[in-house]
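What follows is the residue order along each chain.
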2 protein chains.
Amino acid sequence: MNLDSAREVGADFAAVAALLQIGAEIGVDQVLDSGRTFGIADLAEATGLSQDSLRNYVHALSAAGLVAAEDGKDLYRASDDYADWRHEVGYLSWALTANSPFLQNARAFLTDSESAADTYRRDGRRVAVSSRWIGDRTFYPAVVERVVAADAKHVVDLGAGAAGLLIDLLLQDGRRSGVALDLSPAACDAAREAAGRAGVDDRLQVIERSVESLITDPGPLEGADVIQACFVMHDVLQNETVFEDVLRTCHKALAPGGVLAVVDAVSYGQEARERKFSALFTYLHSNFMGIKLPTADQWVEKFRSAGFSNVDCVSQIMPGGRLFVATK
Amino acid sequence: MNLDSAREVGADFAAVAALLQIGAEIGVDQVLDSGRTFGIADLAEATGLSQDSLRNYVHALSAAGLVAAEDGKDLYRASDDYADWRHEVGYLSWALTANSPFLQNARAFLTDSESAADTYRRDGRRVAVSSRWIGDRTFYPAVVERVVAADAKHVVDLGAGAAGLLIDLLLQDGRRSGVALDLSPAACDAAREAAGRAGVDDRLQVIERSVESLITDPGPLEGADVIQACFVMHDVLQNETVFEDVLRTCHKALAPGGVLAVVDAVSYGQEARERKFSALFTYLHSNFMGIKLPTADQWVEKFRSAGFSNVDCVSQIMPGGRLFVATK
């Protein structure tokens with residue numbers, strides 16, 4: 001174990017994770033994430049909470065070194081390493097907060113996982129927050145790089161969530177357009193709002209539909225240079241026939257030379273840097289969510305079978321994750 | 001920030017914390033903690049869960065490098081670094097799992113903390129588990145060192161919980177005896193069981209009472225060479241007069257040259273190694289539990305006022321924590 005025990009690294013991670021989770025729960029995360037200077041009144045407006053209670057929270061963030069006070073003005077700004085910390089504690093937020101209904105009812109899941117899964121459900125917003133914190137330094141940049149390399153003008157994101165990645169892509173190139181497809185009405189609402197705030201709503205179409213529905217109506221895929229899908233395909237895959245049909249539909253709809261970029265998890269990744277997180281991810285999916293993950297080779301074989309001419313598998317994306325780049 | 005981002009340290013911490021939390025929830029932690037070789041059947045006996053479900057869990061632990069399989073025998077043992085990891089993730093277990101009712105209802109606490117505190121309560125067992133994981137490498141050894149240095153024959157532990165620290169002290173010296181005092185019937189039951197397992201029940205008296213009750217009946221303190229109290233005095237302190245009376249009672253009851261050893265938290269500790277965890281600890285106590293923590297100087301002054309001739313304040317115990325050694 002590579003721990004500097006004098007420093008108690010775990011204590012730092014734990015504290016930052018809890019303090020930022022409180023921020024996400026009370027709704028100050030957008031102000032903090034923006035990196036701009038803010039006053040307590042700004043937080044009160046964003047959250048509807050009292051200035052007294054928010055001042056106490058900001059004092060704690062300041063004592064922890066996560067925000068810096070501007071000289072003598074009662075104004076604050078996220079610290080320079082705030083975004084680095086938010087990324088690192090994304091794993092804690094996912095493992096321990098988003099999954100807390102699983103952990104705290106582990107006995108029920110090990111006794112009868114189907115019945116427990118019906119009773120103890122995760123909060124979709126907490127799952128989305130932690131995924132964003134993890135993704136913004138890991139698979140987001142990896143996907144962006146591929147989209148830019150492909151000089152893609154039209155990008156379709158399957159399971160786009162709040163469309164953070166897609167909006168980044170539209171902001172990078174004013175000629176680029178996109179389609180954000182997601183099953184969740186709340187995610188679609190969040191995507192529309194975020195697109196409006198970013199000023200790209202004229203180039204982003206938000207469609208509330210399942211990935212599976214594309215088999216019978218592939219309309220949303222039309223004209224795509226890149227189709228991307230982050231951590232959604234392992235759900236689709238639980239019905240192998242449906243998954244094959246989805247892949248064939250994507251292959252057919254892509255422009256010539258177009259790319260399907262899938263970020264997803266592999267079963268029990270064994271690189272030293274990933275084996276712990278991948279073990280947790282694989283175990284929870286298999287025993288708490290009823291989702292069996294394929295190995296990297298099994299993923300690649302599925303893309304090949306659907307007709308893609310070339311399939312790359314990129315590791316070093318995130319622990320237990322791979323980016324599959326399948327070219328038409 | 002001292003992060004090796006290529007390695008994604010946060011992911012390792014998150015994964016280990018979640019996997020060990022599941023172990024504590026399903027009740028395999030005592031087998032794992034013992035360090036002895038075990039089979040799946042041993043876990044089934046300890047937990048009452050099916051061997052299939054336990055085999056899947058052990059497979060995940062093994063993939064994560066937290067248990068090692070003995071060659072070809074279907075027998076397992078905790079890895080050599082298991083205890084180190086358990087200690088480091090104790091902070092995560094406290095911050096994110098034990099405190100999850102606070103974090104997940106943060107809006108309610110920032111709106112009306114008294115009403116929220118009545119509604120959203122922590123699970124005492126989860127608090128105790130995380131405290132033990134943190135304590136066994138930090139304040140436990142620091143207290144043990146003082147007890148040994150004082151050549152204490154009779155030790156009274158206030159707020160002893162499951163009496164882990166006291167039982168260790170009794171195991172170290174067959175002539176030593178102890179009193180474990182705790183308000184919680186469950187903690188007292190656990191202490192009696194643990195003393196029985198350790199074979200020290202003839203030298204350990206367990207008393208179900210509050211610390212405050214010692215003012216009117218100091219009987220349990222009689223003959224103490226060392227009185228120790230870990231993270232219980234900040235509760236007592238919320239009534240300053242009662243706290244002063246408790247300290248005077250301890251002072252009076254101690255043998256000549258006897259020692260009161262108090263491990264507790266200070267308000268917003270500012271050493272670089274502790275500022276993040278101390279910020280969380282102070283903020284949660286103040287705004288979610290209604291407990292104001294003193295500074296180190298304020299703690300020392302209180303021991304002096306109660307008549308102790310010499311008071312040492314030892315840092316480097318744990319982030320945000322101090323060991324106060326007050327000599328009669």
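Residues numbered from 1 in each chain as written. Chains lettered and ligands numbered in written order. Predicted model: local features only at pLDDT ≥ 70, side-chain atom pairs only at ≥ 80, totals over all residues. Heavy atoms only, no water.

**Some thoughts on helix H3 (residues 40-47) of chain A**
Rules: The classification of residues rests on relative accessible area computed with a 1.4 Å probe and restricted to protein chains. Under 20% of the type maximum is buried, over 50% is exposed, and intermediate values are partly exposed. Secondary structure follows DSSP: runs of H or I at least 4 residues long count as helices, runs of E at least 2 residues long count as strands, and numbering of each begins at the N terminus. Each C-beta atom gives one direction from the helix axis, and the arc is the one those directions make. Contact definition: two residues touch when any of their heavy atoms are within 4.5 Å.
Along H3 of chain A, the residues that are buried comprise Ile40, Leu43, Ala44 and Thr47 of chain A. The arc that holds every buried residue of H3 of chain A, seen down its axis, measures 100°, which confines them to one face. In this structure, the buried side of H3 of chain A is in contact with helix H1 (9-26), helix H2 (29-34), strand S1 (38-39), helix H4 (51-63) and strand S3 (75-78) of chain A together with helix H7 (106-111) of chain B. Looking at the residues trailing H3 of chain A, positive phi occurs at Gly48 of chain A, about 75°.

**As for the state of the cysteines**
All names here are of chain A. Short version of the rule: The rule for a disulfide is simple: a pair of cysteine sulfur atoms within 2.5 Å.
In the structure shown here, the tally under the stated rule is zero disulfides over all chains. Summary of cysteine pairing: Cys313 is not part of a disulfide, and the nearest cysteine sulfur, belonging to Cys230, is at 15 Å. For Cys313, a relative accessible area of 37% puts it in the partly exposed group.

**Here's the deal with the confidence of the model for chain A**
Residues and elements named next belong to chain A. For the record, the criterion: Here pLDDT means the predictor's own confidence in every residue, given as a number from 0 to 100.
Residues at a pLDDT of 70 or more form 98% of chain A, whose mean pLDDT is 94. Confidence over residues 1-5 falls short of pLDDT 50; this stretch has seven contacts with residues more than four positions distant or in other chains. Among the prediction metrics, the complex's ipTM stands at 0.94, with pTM recorded as 0.93.

**Brief notes about the relation of the copies chain A and chain B**
As a reminder, the rule being used: Alignment of copies: least-squares fit on C-alpha atoms of residues with pLDDT of at least 70 in both copies.
Expressed as a screw transformation, the operator carrying chain A onto chain B has a rotation angle of 180° and an axial translation of 0.0 Å, and the superposed copies differ by an RMSD of 0.0 Å. Within this description, the copies of the chain are treated as partners about a two-fold rotation axis. Taking C-alpha positions as reference, the residue of chain A nearest the rotation axis is Leu96 of chain A, located at 3.2 Å. Taken together, the interface assignments show that 99% of the residues at the interface of chain A recur at the interface of chain B, consistent with an identical surface on both copies.

**So, the domain arrangement of chain A**
How big an interface is tends to be expressed through the accessible area that disappears when the partners come together. All names here are of chain A. Defined as follows: Domain start and end points were adopted from an automatic or database domain assignment. In this description, buried area is defined as the sum, over both parts, of the accessible area (probe of 1.4 Å) that is lost when the two are combined. The salt bridge criterion pairs a side-chain nitrogen of Lys or Arg with a carboxyl oxygen of Asp or Glu, the two atoms within 4 Å. Contacts described as polar in this section are N or O atom pairs within 3.5 Å, which, within protein, must combine one atom able to donate a hydrogen with one able to accept it, while residues neighboring in sequence count only if both atoms come from side chains.
Domain annotation for chain A reports domain 1 (3-79) and domain 2 (86-327). For domain 1 and domain 2, the distance between their C-alpha centroids amounts to 29 Å. Counting from both sides, the interface comprises 11 residues of domain 1 and, opposite them, 12 residues of domain 2. Of the roughly 1000 Å² buried between domain 1 and domain 2 on both sides combined, carbon and sulfur atoms contribute 54%. In this assembly, domain 1 and domain 2 are joined by five salt bridges. In this structure, Arg132 and Asp33 form a salt bridge, with 3.6 Å as the shortest nitrogen-oxygen distance. Our count for the domain 1 to domain 2 interface comes out at four residue pairs in polar contact (both at pLDDT 80 or more). Looking at the side of domain 1 that touches domain 2, the elements that each hand over two or more residues are H1 and H2.

**Topic: the interface of chain A and chain B**
The partner chain B presents 66 residues to the 67 residues of chain A that form the contact. Both sides together, the interface formed by chain A and chain B hides about 6100 Å², and carbon and sulfur atoms give 63% of it. Across the chain A-chain B interface, the total number found is zero salt bridges. Looking at the side of chain A that touches chain B, the elements with two or more residues in it are H1, H4, helix H5 (82-98), helix H6 (100-103), helix H7 (106-111) and helix H15 (275-288) of chain A. When residues of the side of chain A that touches chain B are assigned to their parent elements, the largest contribution, 15 residues, is made by H1 of chain A.

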